[in-house]
Amino acid sequence: MTNKDPKNRFINMDLIRREDQKMVMEEIKKQGHCPFCRENLDKYHKNPILKEGKFWLLTENQWPYEKVKHQLLAIYKTHIEHLEEIDPEAGKELIELFAEESKKRNVEGGGIAMRFGSSEHGNYGSSVLHIHAHLIEPDLENLEETEAWRFKFGQPKNYRKGGVETKPQDN
Ligand SMILES: [Zn+2]
């Protein structure tokens, strides 16, 4: 999908965590298209596609979170943004793809997360609106004494008001 809006509604530039990511996101913004749509994906996503199903592409996150052992990314093969647009059969395939790859990597434990919908609502926290799901195995050994590994849905109210610096998690 493409969009002539210079703001590029498919991505969220507020949530960039790394300098190398910023350069890529600036280019995507300029192009005005969705970086996860199949025709654009190879331009930006440099990790190999591990597996391609009927509904999903399985790969690794290009911009991994900190303190994770594994971070798999499943990208829906057509441009959709909301949960209600996902084919129920795709749910089955997603679990199968994640399970198979987890087994291969001996993932001992972790979590699956998927944001969806409007960036003004729960999906604010995602740098790309095109539906994608994460499988994460946190690196528990590297967490601080009082720290848990957390996945964010949305951002704090003061996030864009110049309040306390918050560290966005994205993608
Ligand atoms: Zn897309």
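Residues numbered from 1 in each chain as written. Predicted model: local features only at pLDDT ≥ 70, side-chain atom pairs only at ≥ 80, totals over all residues. Heavy atoms only, no water.

A.B. asks: How would you sum up the pattern of salt bridges? Please name residues and give values.
C.D. replies: Between side chains of opposite charge, pairing is possible as soon as their charged atoms come close. Taken as a whole and judged by the stated rule, the model has 11 salt bridges. With its nearest N and O atoms 2.7 Å apart, the salt bridge here joins E81 to R9. A residue pair is termed long-range when its members are at least 10 positions apart, and E81 in the loop between β3 (68-76) and α3 (88-104) and R9 in the segment before α1 (19-31) qualify at 72 residues. Residue class for E81 comes out buried when judged on its relative accessible area of 14%. Among the residues examined, R9 registers a relative accessible area of 42% and is labelled partly exposed. (Salt bridge = Lys/Arg side-chain N within 4 Å of Asp/Glu carboxyl O. Helix = DSSP H or I, 4+ residues; strand = E, 2+ residues; numbered from the N terminus. Buried < 20%, exposed > 50% of the residue type's maximum accessible area, 1.4 Å probe, protein only.)

A.B. asks: Describe the coordination of the zinc ion, and please don't skip the residues or the numbers.
C.D. replies: The zinc ion binds to the protein through C34 (SG), C37 (SG), H79 (ND1) and H130 (ND1), with metal-donor distances spanning 2.1 to 2.3 Å. For the zinc ion, the 4 donor atoms are set out with angles of 103 to 117° between them, so the coordination reads as tetrahedral. Sequence spacing among the residues donating to the zinc ion works out to C-x2-C-x41-H-x50-H. With C37 in the loop between α1 and α2 (38-44) and H79 in the loop between β3 and α3, this pair connects stretches of sequence that are 42 residues apart. Of the residues examined, C37 reaches a relative accessible area of 4% and is grouped as buried. Among the residues examined, H79 registers a relative accessible area of 15% and is labelled buried. (Donors = N, O, S within 2.8 Å, 3.2 Å for Na, K, Ca; no water. Tetrahedral: all angles 85-135°; square planar, octahedral: opposite > 155°, others 65-115°.)

Everything listed is a geometric property; what it means functionally is a separate question.
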